[in-house]
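Now for the letters of each chain:
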Amino acid sequence: MIIPFEFEYFRPSSIREAVDLLSEEDSIPIGGGTDLVPMFKDALIKPGKVVSLKNIPETHGIEFDGERLSIGSAVTLTEIAENGVIREHFNSIATTARNVASPQIRNLGTIGGNLCQNLRCPYYRLGYPCHKNGGKKCFAIGGESRWHSIFGGKKCFAVNPSDMATILIAHGAVLEIAGRNDTIPLEELYEGPGELSLKKGEIITRIYLERRENSKAIFMKFRLRGSIDFALVSTGIRIDFDGNEIEDASIILGSVYGTPYRAINSEEFLKGNTLTDTAITKASELAVEGAKPLKKNKYKVKIAKTLVKRGLETLRGG
Amino acid sequence: MQEILRKKKTEYRYVGKPVRRVDGYKKVTGRAVYTVDVDLPGMLHGKILRSPHPHAIIKSIDTSKAERLPGVKAIITGKDTEGVRFGFVETPHMPADMPPLAEDRVRYVGEAVAAVAATSEKVAVKAINLIEVEYEPLKAVFHPEEAMKPEAPAIHDVIYPSGRSFWQEWGVERDSTPQKVERNIASTLKLEIGDVEEGFGNADHVKEGRFETNVTAHGALEPHGAVARYSEGRLDVWLSHMGPYMKRYWLARTMGLPESHVRVRPAFVGGAFGGKIDLFDYEYIASHLSRLTGRPVKIVLTRREVFQATRLRHPMIFYIKTGVKKDGRITAMDIKAIDDTGAYRGTGPVVVYLAHAFSIPIYRIPNLRYTGYAVYTNNPVRVAMRGHGAPQARFAVEQQIDEIAEEAGLDPYEIRMINARERGDVLPNGDVLNSCGLKEALTRAVEDGKFLQKYGKHRGKGRGVGIGLTSMFSGAQFYPFGATGVVLLHDDGGATVFTGAIEFGQGSDTMMCQIVAEELGIDMERVSILSGDSELCPIALDNWLSGGTFVNGRAVQLAAIDARNKLFEYAAELLGVSRDELQAEDNVIYSADNPSKRIPHEKVVKYAIHRNRGQQIVGVGHATPVEGAYWYPSLTTGKGRFTGAYSFSATFAEVEVDFETGVVKVVRIINAHDCGYPINPVLVEGQAEGQGYMGMGQVLFEEVIEEKGTILNPNFLDYLMPTSIDVPEMKTIHIETHDPNGPFGGKEVGEGVIAGVVSAIANAIYDATGVRFRKLPILPSDILDALEGRE
Ligand SMILES: Cc1cc2nc3c(=O)[nH]c(=O)nc-3n(C[C@H](O)[C@H](O)[C@H](O)COP(=O)(O)OP(=O)(O)OC[C@H]3O[C@@H](n4cnc5c(N)ncnc54)[C@H](O)[C@@H]3O)c2cc1C
Ligand code: SF4
């Protein structure tokens, strides 16, 4: 299959150059292209200028100073999955990366691209004239909603499909964005389904996160097939302990809402608690409190609950 | 032709052995040339504009803008064809119904409306986007039971024959008549054996149920494609397919050429599974565009086109009623089958027949009524897929057998042993079971899986076991009705096999070479093969007819024996011994009575050529699926002989069900399979295991999701086929029954097993959950819903 339109391709070697190019009309950044190129082939996006971020030194490398982990946005998922430091200090992140897509896609796909990836709703990907393709309708409502949001939506009910976002938000990751002085919490990147807080010309350059003492984290993914399958539900959980007591908890659900979904009620409930059976059950129920499933995705509510429960049980266990 | 059986089974050198594939080296080194790799000088690229509507009138097509695009060499629409419709099925009363390009109406999303040949794929894509088509959408219908209602929109009205039908060419002196389609019914099959009402009257237990199966996709890795080169009145094509004869026949008909002017060339095939049988629009279009432009034309479909615009598995609905006596004997069965065949007939009438025909060899059912409808809808077209009707029927029947056994207080093994057929049984259509390892397969699978120790022990507690039985044919009387094999001996004593049988991954070439090496007593390395070339090879059954071993292999075996007989004639002369005492082994012919009398093959062949007016030894053999039968059984009454041998299998499956997520994990699959004799055990196991995970996929997550005729998951990311990570522990038990008419006793193995797998897993899920699932696939959401209902 070919890309049925013409575009210019740029490979800048500095952030400055990249930002200049991306400030121009009709331009788009590209990492590994694993998400974008298929969309080009289907002519869902037809940019005139494609700007690669892979040739810029600042977007590469994984560094750890004992406190802070720094990952370049053009680092591939394979690099993350195989990195010794990440495996030692943030193993849940390496595990998450290993469970994304397939080896070939992980070899090409970048962390920046994974965080900024486009929606997977089939209507959108098949070019149906829905809200996200410039139309006036959502086809999932009244159609096939098995993959969609269980926590409602406005016009669009597609979910954020990024596994990496789920776990990284649980870890409290922040983003460095070219041209901005301050980092922003990763969570604030997401404004709605397929809607990012990046402005024209802005790119993610690095991702940072802090190591915490007495903290445990886990990523759980539910999918039908054992590999090369997006999550139907995922969860990233991080618990900071003070002895047996929970000092802080982060419970993020993936693929259930237009953005990564923070289960704030169960987080609040867990703080100051210990991971008893009753507390775990309660926390898992609170995680899906207020769910408003669509016609065909009630099952996701139960699965989300189960994942949270099992995640907490595992964290308690070892 | 006399067959001299000289060797005992234990003395075989090549058959019965896990010989390495003869095409393996080319494949693993990337040298194998597939159709998508074919690149000819001056070649153009074709693209097809397809309908976005499930049902619409084409009001106008404007190609003028596209014509002006530089690089565009030809554009065609329905008006430019020869007006010959094609189809998998064409009988005197069921004319072929598919136009190669839509005429005035489109009936499914993906139907070809116009096509372009251009100097590059890019130009071709641009050009089709410049073609303007005005449609007037019509009411469409997507469910077969809806389509059968009188008020449903008529998808076809009257279907007119396009010229002399295939049957007339082959001696059926019946004129083809137009078909007036009523209530969208493409075909009806009705048959009754015994007295069904009386049978139910005699039953102590009666069970009724409705079952529904899913649309699945073949998922061949190589997408469909064609390269056509038309030159000086002759057409050369490279296709990704399953047998050259169906293709050649319909290309010749639609292009208006004599068969001998169409050459289907051999090419490696990257998987087929039933999905590459009949003629496709793009094959005709590439040929036609090549004739128009005088240049070769290549068309390779996108994955989305493969899903949406080629063919899929038939989804079927069954209403079944079964009656049994207290002791478990089946007294009657009444089956109504409804097939959603899509917008064109596809294989609808055949799948409706086969769902029945693959069932009758399994159980003795004295009173049986079977009514089947293939129904037009505005969905994509359906065709054969591994098992073709068997997985659908077994999913329904094998579950109902378990249900009624439970009611009668019998276990699933017992009830099957009571009713299973045996060798010597004569089926209602006259077919004879000359070999039948059904009960042995069942017993072995049950013992190996410890079925009886496990069954019902964890009922409703998340762990379960199930069994399922199936049978499959070994070739049928369909064009070209039989096979000729040719074996040519070279002057160094080596041999070349010529057969129209095609290698599409199943191992046909290897099996043929094994047979020839064995019969001639020469090394495998000395045997080469030329297969699947419609011009250079003698005819064979297309390999989608499951007669690859039983019929095509048999023809090649007889050809090798013929060559050997001729060889022995000369050897006897040279050695001065009687022909009857000769043996061949290790490239040497020797006297069994006096082994010092020996001569290499090479010398005998040279002698034959040199001293006997250039007589190169050529062995010829012929075989047919059913001796004395000349036609495929009736698709409306089911009458008529079907096949020469049935294979059988029994599957044991064990599953675990996670009640909190609804996930079914298949832990183990054991297939006990009677293929007569495994000429290559590794290839047989490959077939059985491949069907193991294909069947598992069909139950657990494979589902082509169609919404108003559009497929929502037309790619390998969203259409979920199992990966190596998902595959459970699998085991194949060979049951050897030595069919008297198969080569070395061999018969079918490529497509029956899957039906047992599907039904065994479904039964195991019941055992684990205590809930009967009558609709495929059985997704976590279905399990969770059902368990919630149960609580
Ligand atoms: C078969 C398949 C299976 C998959 N399975 C999973 C899965 O299970 N879980 C999962 O999480 N993902 C999955 N994915 C998505 C996959 O992880 C992403 O395609 C990949 O990570 C994207 O990386 P990329 O570098 O190739 O992105 P690209 O395709 O290059 O870009 C993706 C998007 O991000 C933007 N972008 C890229 N880099 C930056 C940056 N630095 N700053 C701002 N914007 C940027 C691009 O403009 C584009 O919009 C799957 C994808 C495929 C094709
Ligand atoms: S869920 Fe969103 S992307 Fe999908 S059809 Fe609705 S609006 Fe479009």
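Predicted model only: the values in this text are computed from it and were never measured.

(A) Main features of the overall build of chain A. A count of helices and strands for chain A gives twelve helices and 14 strands. Residue burial in chain A is summarised as follows: out of 318 residues, 55% are buried. When the accessible surface of chain A is totalled, it reaches about 13400 Å², and 48% of it is carbon and sulfur. Computed over 42 positive and 39 negative side-chain charges, the inter-centroid distance for chain A is 10 Å.

(B) Structural detail: the overall build of chain B. Per the secondary structure count, chain B includes 20 helices and 32 strands. With the principal axes as the frame, chain B shows a C-alpha extent of 80 × 75 × 50 Å. Counting the 791 residues in chain B, one finds 66% classified as buried. The long-range share in chain B, meaning contacts at least 24 apart out of those at least 6 apart in sequence, stands at 81%. Of the roughly 26900 Å² that chain B leaves accessible, carbon and sulfur atoms contribute 50%. Counting 91 positive and 102 negative side-chain charges, chain B places the averaged centre of each group 2 Å from the other.

(C) Region of interest: the nonpolar core. Counting 221 residues, the largest nonpolar core has Ile285, Phe318, Val487, Tyr632, Phe642, Ile761 and Ile765 of chain B as the members making the most contacts within it. The leading source of residues in this core is helix 16 (residues 548-575) of chain B, at 13 residues. With residues up to four places along the chain from it excluded, the contact list for Tyr632 of chain B reads Trp167, Val350, Tyr353, Leu354, Ala476, Gln477, Phe478 and Phe642 of chain B. Leu69, Ile71, Val75 and Ala81 of chain A belong to the second largest nonpolar core, which has 33 residues in total.

(D) Local environment of the state of the cysteines. Residues and elements named next belong to chain B. Going through the model one piece at a time under the given rule, you end up with zero disulfides over all chains. Note on Cys537: no disulfide assigned, nearest cysteine sulfur contributed by Cys513 at a separation of 12 Å. Under the relative-accessibility criterion, Cys537 is labelled buried at 8%.

(E) Spatial organisation of the packing of aromatic side chains. Enumeration over the complete set of coordinates arrives at 41 aromatic pairs over all chains. When the centroid spacing of 5.8 Å and the interplanar angle of 50° are considered together, the rings of Phe5 of chain A and Phe7 of chain A count as tilted. Measuring from ring centre to ring centre gives 5.1 Å for Tyr249 of chain B and Trp250 of chain B, while their planes differ by 80°; the resulting arrangement is edge-to-face. We note that Tyr249 of chain B, like Trp250 of chain B, is buried.

(F) Just the interface of chain B and chain A, in detail. Each side of the interface is counted separately: chain B has 34 residues, and chain A has 30 residues. Summed over both sides, the interface between chain B and chain A buries roughly 2800 Å², with carbon and sulfur atoms accounting for 60% of that surface. Ranking the residues of chain B by area buried against chain A places Glu660, Leu712 and Leu717 of chain B at the top, with a combined share of 21%. Taken together, the links from chain B to chain A amount to six salt bridges. A salt bridge links Arg310 of chain A to Asp658 of chain B, with the nearest nitrogen and oxygen atoms 2.7 Å apart. At the boundary of chain B and chain A, one finds twelve residue pairs in polar contact (both at pLDDT 80 or more). Elements that contribute at least two residues to the side of chain B that touches chain A include exactly helix 3 (121-130), strand 31 (710-711) and helix 20 (780-790) of chain B. With five residues, the top contributor of residues to the side of chain B that touches chain A is helix 20 of chain B. A class-by-class count of the residues in the side of chain B that touches chain A yields 18 nonpolar, five polar and eleven charged.

(G) Focus on the site of ligand 2. In the vicinity of ligand 2 lie 13 residues, with Cys121, Cys130, Cys138, Cys156 and Phe157 of chain A positioned nearest. Tallied by class, the residues present in the shell around ligand 2 amount to ten nonpolar, two polar and one charged.

(H) Broad picture of the domain arrangement of chain B. Residue and element names in this part refer to chain B. Along its sequence, chain B is carved into domain 1 (218-309), domain 2 (379-474 + 643-790) and domain 3 (482-623). Each of domain 2 and domain 3 was reduced to a C-alpha centroid, and the two centroids are 38 Å apart. Facing the 17 residues of domain 2 at the interface are 18 residues of domain 3. When domain 2 packs against domain 3, the two sides together hide about 1300 Å² of surface, and 65% of this comes from carbon and sulfur. Together, Ile679, Pro743 and Phe744 form the three largest contributors to the area buried by domain 2 at its contact with domain 3, with a combined 38%. At the junction of domain 2 with domain 3, the criterion picks out zero salt bridges. The interface formed by domain 2 and domain 3 includes three residue pairs in polar contact (both at pLDDT 80 or more).

(I) Focus on the pairing of strand 12 (residues 233-242) of chain A. Residues and elements named next belong to chain A. Counting buried positions over the ten residues of strand 12 gives nine, a clear majority of the element. Looking at chain direction, strand 11 (residues 215-222) and strand 12 are connected through eight bridges and run antiparallel. Note on strand 12: the bridge partner recorded for Phe222 is Val233. The sheet contact formed by strand 12 and strand 13 (residues 245-254) spans nine bridges and is antiparallel. Pairing of Thr235 across the sheet is with Leu253, part of strand 13.

(J) Fine view of the environment of Ile277 of chain B. Residue and element names in this part refer to chain B. Among the structural elements, Ile277 can be located in the loop between strand 13 (262-265) and helix 8 (281-293). Of the residues examined, Ile277 reaches a relative accessible area of 2% and is grouped as buried. Ile277 has contacts with Phe88, Met242, Met246, Lys247, Ala384 and Trp544, leaving out every residue within four places of it along the chain.

(K) Looking closely at the site of ligand 1. Contacts to ligand 1 come from 35 residues, most closely from Pro29, Gly31, Gly32, Thr34 and Thr110 of chain A. One chain alone does not account for the residues near ligand 1; they come from chains A and B. Within the contact set of ligand 1, an oxygen atom lies 2.9 Å away from a side-chain nitrogen or oxygen of Asn114 of chain A. Protein contacts shield 94% of the accessible area of ligand 1, which totals 970 Å² for the unbound molecule. Broken down by secondary-structure element, the contributors of at least two residues to the shell around ligand 1 are strand 2 (27-30) and helix 7 (111-115) of chain A. Its residues assigned to classes, the shell around ligand 1 comprises 17 nonpolar, 14 polar and four charged.

(L) Expanded view of the sheet that holds strand 32 (residues 729-736) of chain B. Residues and elements named next belong to chain B. Here four strands make up an open sheet; going across it, the order is 20-28-29-32 and the pairing mixed. Each of the sheet's edge strands pairs with one partner strand only, and the pair in question is strand 20 (463-473) and strand 32. Each strand of the sheet is rotated relative to its neighbour by a mean of 15°, with strand direction disregarded. Where strand 29 (residues 663-676) lies against strand 32, eight bridges are found, and the strand directions are parallel. Across the sheet, residue Ala672 finds its bridge partner in strand 32, namely Ile733.

(M) The arrangement of unusual backbone geometry in detail. Residue and element names in this part refer to chain B. For the peptide bond that leads from Tyr479 to Pro480, omega is 5°, which places it in the cis range. Mapped onto the elements, Pro480 comes out in the loop between strand 20 and strand 21 (483-489). Cis geometry marks the peptide bond from Leu776 to Pro777; its omega dihedral reads -10°. Secondary-structure assignment places Pro777 in the loop between helix 19 (753-769) and helix 20.

(N) Layout of the sheet that holds strand 26 (residues 598-600) of chain B. Residue and element names in this part refer to chain B. A sheet is described by the order of its strands in space; here three strands give the open sequence 24-25-26, paired in antiparallel fashion. The open sheet has two free edges, formed respectively by strand 24 (582-585) and strand 26, since each of these has just one partner strand. When the angles between neighbouring strand axes are averaged without regard to direction, this sheet yields 20°. Across four bridges, the pairing between strand 24 and strand 25 (residues 588-591) is antiparallel. Counted as the bridge partner of Ala584 is Ile589 from strand 25.

So, how was this worked out
Residues numbered from 1 in each chain as written. Chains lettered and ligands numbered in written order. Predicted model: local features only at pLDDT ≥ 70, side-chain atom pairs only at ≥ 80, totals over all residues. Heavy atoms only, no water. Helix = DSSP H or I, 4+ residues; strand = E, 2+ residues; numbered from the N terminus. Buried < 20%, exposed > 50% of the residue type's maximum accessible area, 1.4 Å probe, protein only. Areas by Shrake-Rupley, 256 points an atom, 1.4 Å probe, with all protein chains shown as cover. Lys, Arg positive; Asp, Glu negative; His and termini not counted. Charge placed at Lys NZ, Arg CZ, Asp CG, Glu CD. Contact = heavy atoms within 4.5 Å. Core = buried A, V, L, I, M, F, W, Y, C linked by side-chain atoms within 4.5 Å. Disulfide = S-S within 2.5 Å. Phe/Tyr/Trp six-rings, centres within 6.5 Å; stacked < 30°, edge-to-face > 60°. Buried area = accessible area lost by both parts, 1.4 Å probe. Salt bridge = Lys/Arg side-chain N within 4 Å of Asp/Glu carboxyl O. Polar contact = N/O pair within 3.5 Å; in protein donor to acceptor, adjacent residues only side chain to side chain. Nonpolar A, V, L, I, M, F, W, Y, C, P; charged D, E, K, R; others polar. Near = heavy atom within 4 Å. Domains from an automatic or database assignment. Pairing = 2+ DSSP bridges. Axes fitted to C-alpha atoms, helices over the stretch in contact; angles between N-to-C directions.

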